[in-house]
Amino acid sequence: MEYAFEQICNRFDRYLGRLHKSGDTQRGLIILDKSSDETALQGLARDFRREGHRWGQLYNLADVPLFVDSKATRMIQFADLIAHAIRRYYENGDASFFDVFSTSFDAVGGVTHGLVHYTPSGSECNCLACRQRAYG
Ligand SMILES: [Zn+2]
């Protein structure tokens, strides 16, 4: 979970950095379901902002992640639908929901930056993220 959170923070920050370089400066907020491990992730995010993470520093996040009750906002429910579709894609090989939004991940020049599949080195995978990593 911590590695995934670090990836999300880094990739979101880089996305905002690319927007800034193109003249569209914005700060981002990461909003998580309150049922997540709030204390550990708050601490991690604070450390990332102060000391950086394994890939560098965060520059474009406005604050530490906010934790909200998923019953109070549809945005968390929407994120749950996306997560469910991604899970079906990776665990069941069912792309029927994934394909609806698979072109919406952050991408530049045909390389998707907003989706990563962490696999052991040397393993082969034919998912969208691994295909682009192999040829990108
Ligand atoms: Zn893959």
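Computed from a predicted model, the values in this text were never measured in an experiment.

Criteria and cut-off values
- Residues numbered from 1 in each chain as written.
- Predicted model: local features only at pLDDT ≥ 70, side-chain atom pairs only at ≥ 80, totals over all residues.
- Helix = DSSP H or I, 4+ residues; strand = E, 2+ residues; numbered from the N terminus.
- Rg over C-alpha atoms; globule rule 2.2 N^0.38 Å.
- Contact = placed C-beta atoms within 7 Å.
- Axes fitted to C-alpha atoms, helices over the stretch in contact; angles between N-to-C directions.
- Parallel < 35°, antiparallel > 145°, perpendicular 65-115°, else oblique.
- Left-handed = near helix turned anticlockwise from the far one by under 90°.
- Nonpolar A, V, L, I, M, F, W, Y, C, P; charged D, E, K, R; others polar.
- Domains from an automatic or database assignment.

### So, the overall build of the protein chain
Line of reasoning, step 1. For the protein chain, the helix and strand inventory stands at 5 helices and 4 strands.
Line of reasoning, step 2. Tracing the protein chain from N to C terminus, the helices and strands come up as α-β-α-β-α-α-β-β-α.
Line of reasoning, step 3. What you see for the protein chain is a C-alpha radius of gyration of 16 Å, in line with the 14 Å of a compact globule of 136 residues.
Line of reasoning, step 4. Its C-alpha atoms give the protein chain principal-axis dimensions of about 35 × 35 × 30 Å.
Line of reasoning, step 5. Taking as baseline every contact in the protein chain between residues at least 6 positions apart, the subset at least 24 positions apart corresponds to 54%.

### Topic: the packing of helix α1 (residues 2-21) against helix α2 (residues 38-51)
Line of reasoning, step 1. Relative orientation of the contacting elements α1 and α2 amounts to 45°, with a least axis distance of 11 Å. When the axis of α1 is compared with that of α2, the two are oblique. As α1 packs across α2, the resulting crossing turns out to be right-handed. Of the residues in α2, those touching α1 at Glu-2, Phe-5 and Cys-9 are Leu-41, Leu-44, Ala-45 and Phe-48.
Line of reasoning, step 2. Here the residues of the contact of α1 with α2 are counted per class, giving 6 nonpolar, no polar and 1 charged.

### Some words on the domain arrangement of the protein chain
Line of reasoning, step 1. The assigned domain composition of the protein chain is domain 1 (1-71), domain 2 (73-104) and domain 3 (106-136).
Line of reasoning, step 2. One C-alpha centre belongs to domain 1, the other to domain 2, and the line joining them spans 21 Å.
Line of reasoning, step 3. If you look at the interface, domain 1 gives 4 residues, while domain 2 gives 4 residues.
Line of reasoning, step 4. The residue inventory of the side of domain 1 that touches domain 2, partitioned by class, reads 2 nonpolar, 1 polar and 1 charged.

### Quick look at the environment of Cys-130
Line of reasoning, step 1. By the element assignment, Cys-130 lies in helix α5 (residues 128-135).
Line of reasoning, step 2. Considered as a pair, Cys-130 and Tyr-118 are 12 residues apart in the sequence and their alpha carbons are 8.9 Å apart.
Line of reasoning, step 3. Those residues within four positions of Cys-130 in sequence are excluded, and the remaining contacts are His-117, Thr-119 and Cys-125.

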